[in-house]
Amino acid sequence: QVQLVESGGGLVQPGGSLRLSCAASGSIFRFYAMGWYRQAPGNQRELVASISSSGTENYVESVKGRFTISRDNAKNTMYLQMNNLKPEDTAVYYCNKDQTRYRNMWVWGQGTQVTVSS
């Protein structure tokens, strides 16, 4: 079983930037398409960005042009660069396999809180 640890969240003003990291414990990470998810209070967890094992990226419309997903398979790590952050980006951010491709997910990590507020 792969363990996932998210980090890099924090409090940022609107228009600011953050870079999230997702560290996976197993080398099998490199074989899977991965995704960044977020869950705001009262909302369901949603997939906001995904990246294939070879680096093909996909984004939901609300983050296109602002967020960039990337991965370093040698380090078993995935990133989410978030620019021009908006208050509606406030949520706990998680990483896991791309749910559009796989039925079974790894155990969810604790997530990292992102708060966008002035």
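Moving on to the state of the cysteines. The full count for this structure, using the stated rule, is one disulfide. Disulfide partner of C22: C95, at an S-S distance of 2.0 Å. Residues C22 and C95 are joined by a disulfide whose S-S torsion is about 75°; by sign, that bridge is right-handed. Pair noted here: C22 is in strand β3 (residues 18–24) and C95 is in strand β9 (residues 91–97), with a separation of 73 residues, a long-range link. Since its relative accessible area comes to 0%, C22 is described here as buried.

Relative to the assigned elements, S53 resides in the loop between β5 (46–51) and β6 (57–59). Separated by 26 residues in the primary sequence, S53 and Y79 have C-alpha atoms spaced 13 Å apart. Apart from the residues within four sequence positions on either side, S53 is in contact with R30, F31, Y32, A33, R71 and N73.

Within the fold, S52 resides in the loop between β5 and β6. In this structure S52 comes out as buried when scored by relative accessible area, which is 7%. When near neighbours in sequence (up to four residues on either side) are disregarded, S52 contacts A33, R71 and R101.

This part covers the packing of aromatic side chains. Here the structure, examined in full by the defined rule, presents four aromatic pairs. With 5.1 Å between their ring centres and 65° between their planes, Y32 and Y102 make a pair best called edge-to-face. Remark: Y102 occurs in the loop between β9 and β10 (112–116) and Y32 occurs in the loop between β3 and β4 (34–39); sequence separation between them is 70 residues. Sitting over the face of the ring of Y79, R19 holds its NZ or CZ atom 4.0 Å from the ring centroid.

An order of β2-β10-β9-β4-β5-β6 is seen for the six strands of this open sheet, with the pairing classed as mixed. At either end of the open sheet lies a strand with only one pairing partner, and these are β2 (10–12) and β6. Direction aside, neighbouring strands of the sheet carry axes that sit 25° apart on average. Two elements, β5 and β6, share three bridges in a ladder whose sense is antiparallel. Directly across from A49, in β6, lies its bridge partner Y59.

Here the focus is the pattern of salt bridges. Enumeration over the complete set of coordinates arrives at five salt bridges. Of the charged contacts in the structure, one is a salt bridge between R38 and E46, with a shortest N-O distance of 2.9 Å. Assessed through its relative accessible area of 8%, R38 is described here as buried. Beyond isolated ion pairs, a larger network of salt bridges with shared partners links R38, E46, R66 and D89.

Okay, the nonpolar core next. Within the largest apolar cluster, 27 residues are counted, with the highest numbers of intra-cluster contacts made by L4, W36, M78, L80, M82 and Y93. Elements that contribute at least two residues to this core include exactly β3, β4, β5, β7 (67–72), β8 (77–82), β9 and β10. Sorting elements by how many residues they give to this core places β3 first, with four residues.

Calculation rules
Residues numbered from 1 in each chain as written. Predicted model: local features only at pLDDT ≥ 70, side-chain atom pairs only at ≥ 80, totals over all residues. Heavy atoms only, no water. Disulfide = S-S within 2.5 Å. Helix = DSSP H or I, 4+ residues; strand = E, 2+ residues; numbered from the N terminus. Buried < 20%, exposed > 50% of the residue type's maximum accessible area, 1.4 Å probe, protein only. Contact = heavy atoms within 4.5 Å. Phe/Tyr/Trp six-rings, centres within 6.5 Å; stacked < 30°, edge-to-face > 60°. Lys NZ or Arg CZ within 6 Å of the ring centre and 35° of its normal. Pairing = 2+ DSSP bridges. Axes fitted to C-alpha atoms, helices over the stretch in contact; angles between N-to-C directions. Salt bridge = Lys/Arg side-chain N within 4 Å of Asp/Glu carboxyl O. Core = buried A, V, L, I, M, F, W, Y, C linked by side-chain atoms within 4.5 Å.

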